[in-house]
Amino acid sequence: MKARISIVLFFFLMFLAVSSARPSAKKKPYKPCKELVLFFHDILYNGKNAGNATSSIVAAPQGSNLTILAGANHFGNIVVFDDPITLDNNLHSPPVGRAQGMYIYDTKNTFTAWLGFSFSLNTTDYQGSINFIGADPILVKSRDISVVGGTGDFFMHRGVASVQTDSYEGEVYFRLRLDIKFYECW
Amino acid sequence: MKARISIVLFFFLMFLAVSSARPSAKKKPYKPCKELVLFFHDILYNGKNAGNATSSIVAAPQGSNLTILAGANHFGNIVVFDDPITLDNNLHSPPVGRAQGMYIYDTKNTFTAWLGFSFSLNTTDYQGSINFIGADPILVKSRDISVVGGTGDFFMHRGVASVQTDSYEGEVYFRLRLDIKFYECW
Amino acid sequence: MKARISIVLFFFLMFLAVSSARPSAKKKPYKPCKELVLFFHDILYNGKNAGNATSSIVAAPQGSNLTILAGANHFGNIVVFDDPITLDNNLHSPPVGRAQGMYIYDTKNTFTAWLGFSFSLNTTDYQGSINFIGADPILVKSRDISVVGGTGDFFMHRGVASVQTDSYEGEVYFRLRLDIKFYECW
């Protein structure tokens, strides 16, 4: 009897091992060693809002200009930004740092972007920078980019950040919610 | 006698240890935990091929324009791309994803580029993104760039990708073969 | 008596544990597994120095041009560079490689940049590339960026590089000193 239980248990464990060898789900079961939820706010320069714009189109494909996003889903536009980071979704909350870098619109038939930017945080809780790289299929509710490094309190950190468009007003204002999960913390 | 053998063995092991301390070869002996060979295809917009172009010059140095690559080995051109990825070297094979991002021509007296891009894969085998950064000395047969992160099935992955120019037709079409070797797989 | 000492010791150790749980210092005590100090030299094209310029403005916000850095702390300028790397601070020392990539001025009210570039080294000591990403608050004496990957002798390396402006002459020449500390060496 005892032997039979052992055999059943053995096959059950085998099954578990095999199932976990090729995970079908996209979310891995790892637990972050640190997690931060932050918002940042982008106000794109459109030729009239120089006073409060936080980003500018600086490159465009042939036939486009630098105050109106390009025609084919903005393909080819590069935008440089210096956006305030807040702890909640209010643009007017006290900023805890700046999100700085660029995004590149990179598809002709839908809205996707390529992101290369850093968070520079300067709060009582966190001092340091977090560096991000990744593809952003904008119309997907939640999309993941890579945390490729960090400095200061984020020294050598790596992780994954889930990006959500928290608000979008025409082509001038958007707000992103980043759920930053570090899996290597040092 | 036994002592002499021990001494010879000792020096031999010392020699092995010292030789391996400064490896001369560029290829490390590590075995990848996952490997993918993929191709992607770039058709540069030249002012006449809007219908099938997959990339556009969006920035150029003074004196150049956005339909002809710049003079001095294209130094200063930034190209944004959205290229189909295939499993073989045929442009017309069913795409398994998109290679999206930018390349920057960054030398005046030879052809080199700086790459920042992502693979977004969407197949039955793989769902997720792979993020690449690196220097690409285009005229070298095989050159290595870094895999700095990934999401989905490539969650937290790191590795090295060997890039080969598989085909090059004038300044409008090129095909790259990427041998992606992951050494951290999670 | 002995018990009291034990209690004092216990609280003292508790205190140590708690203090170290939230490190206030930005520098972590980790020891690098490899370290390199290198300099690179940037001569920006200004319309008159085509012969010896090593970098060019290739993107600018609306209203600016490609030979003069833009008004508001150069916000929105993208510069592509191909700079010689030297072992000391002399521009005319024999180069040991090239620093290639881009920097983006990304703040309106101070000087900060976002860096994406690679070192391609070709010396008797080192053959390979090092890939960097990070925020550069230019006016800070020493600022840290991430080493996100490497190839050749820097296969799979990660680390942090401390950047210092070693010299700055007007808007045409600057020299950076990089203290590259690898904490993952493979």
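Throughout what follows, the structure given in this document is the object of discussion. (Residues numbered from 1 in each chain as written. Chains lettered and ligands numbered in written order. Predicted model: local features only at pLDDT ≥ 70, side-chain atom pairs only at ≥ 80, totals over all residues. Heavy atoms only, no water.)

**Some thoughts on the overall build of chain A**
The secondary structure content of chain A amounts to one helix and nine strands. Starting at the N terminus and ending at the C terminus, chain A contains elements arranged as α-β-β-β-β-β-β-β-β-β. The proportion of buried residues among the 186 residues of chain A is 54%. Long-range pairs, those at least 24 residues apart, make up 47% of the contacts in chain A between residues at least 6 apart in sequence. With an accessible surface of roughly 8500 Å², chain A has 61% of that area assigned to carbon and sulfur atoms. (Helix = DSSP H or I, 4+ residues; strand = E, 2+ residues; numbered from the N terminus. Buried < 20%, exposed > 50% of the residue type's maximum accessible area, 1.4 Å probe, protein only. Contact = heavy atoms within 4.5 Å. Areas by Shrake-Rupley, 256 points an atom, 1.4 Å probe, with all protein chains shown as cover.)

**As for the pattern of salt bridges**
Applying the stated rule across the entire model yields 18 salt bridges over all chains. A:R158 is the salt-bridge partner of A:E184, the closest N and O atoms lying 3.1 Å from each other. Residue A:E184 is found in strand β9 (residues 173–184), and its partner A:R158 is found in strand β8 (residues 158–169); the two are separated by 26 residues along the sequence. Summarising the burial analysis for this pair, A:E184 and A:R158 share the class buried. The residue B:D82 makes a salt bridge to B:R98 at a minimum N-O spacing of 2.9 Å. You can see B:D82 sitting in strand β3 (residues 78–86) and its partner B:R98 sitting in strand β4 (residues 97–105), a full 16 residues away along the chain. You can call B:D82 buried: its relative accessible area is 7%. (Salt bridge = Lys/Arg side-chain N within 4 Å of Asp/Glu carboxyl O.)

**Overview of the nonpolar core**
In terms of nonpolar packing, the biggest core is built from 32 residues, with A:F40, A:F117, A:F119, A:I130, A:F132, A:L178 and A:I180 touching the most fellow members. Those elements that place two or more of their residues in this core are β1 (34–43), β3 (78–86), β4 (97–105), β5 (113–122), β6 (127–136), β7 (142–152), β8 and β9 of chain A. Setting aside residues up to four positions removed in sequence, A:F117 forms contacts with A:F40, A:F81, A:Q100, A:G101, A:M102, A:I130, A:N131, A:F132, A:I145, A:L178 and C:W114. (Core = buried A, V, L, I, M, F, W, Y, C linked by side-chain atoms within 4.5 Å.)

**Description of the interface of chain C and chain B**
Taken together, the contacts link 42 residues of chain C with 33 residues of chain B. Where chain C abuts chain B, roughly 2700 Å² becomes buried across the two surfaces, and 62% of that area is made up of carbon and sulfur atoms. Counting the surface chain C buries against chain B, the share from its top three residues, C:F155, C:M156 and C:W186, is 22%. The interface formed by chain C and chain B contains one salt bridge. Joining chain C to chain B, the criterion identifies eight residue pairs in polar contact (both at pLDDT 80 or more). Listing elements by their share of the side of chain C that touches chain B, those giving two or more residues are β2 (55–59), β3 (78–86), β4 (97–105), β5 (113–122), β6 (127–136) and β7 (142–152) of chain C. (Buried area = accessible area lost by both parts, 1.4 Å probe. Polar contact = N/O pair within 3.5 Å; in protein donor to acceptor, adjacent residues only side chain to side chain.)

**Examining the state of the cysteines**
Residue and element names in this part refer to chain B. Throughout the structure, instances matching the rule amount to three disulfides over all chains. What pairs with C33 in a disulfide is C185, and their sulfur atoms sit 2.0 Å apart. An S-S torsion of about 90 degrees defines the bridge between C33 and C185 as right-handed. Separated by 152 residues along the polypeptide, C33 in the loop between α1 (2–21) and β1 (34–43) and C185 in the segment after β9 (173–184) bring together distant segments of the chain. C33 sits in the partly exposed class, given a relative accessible area of 40%. (Disulfide = S-S within 2.5 Å.)

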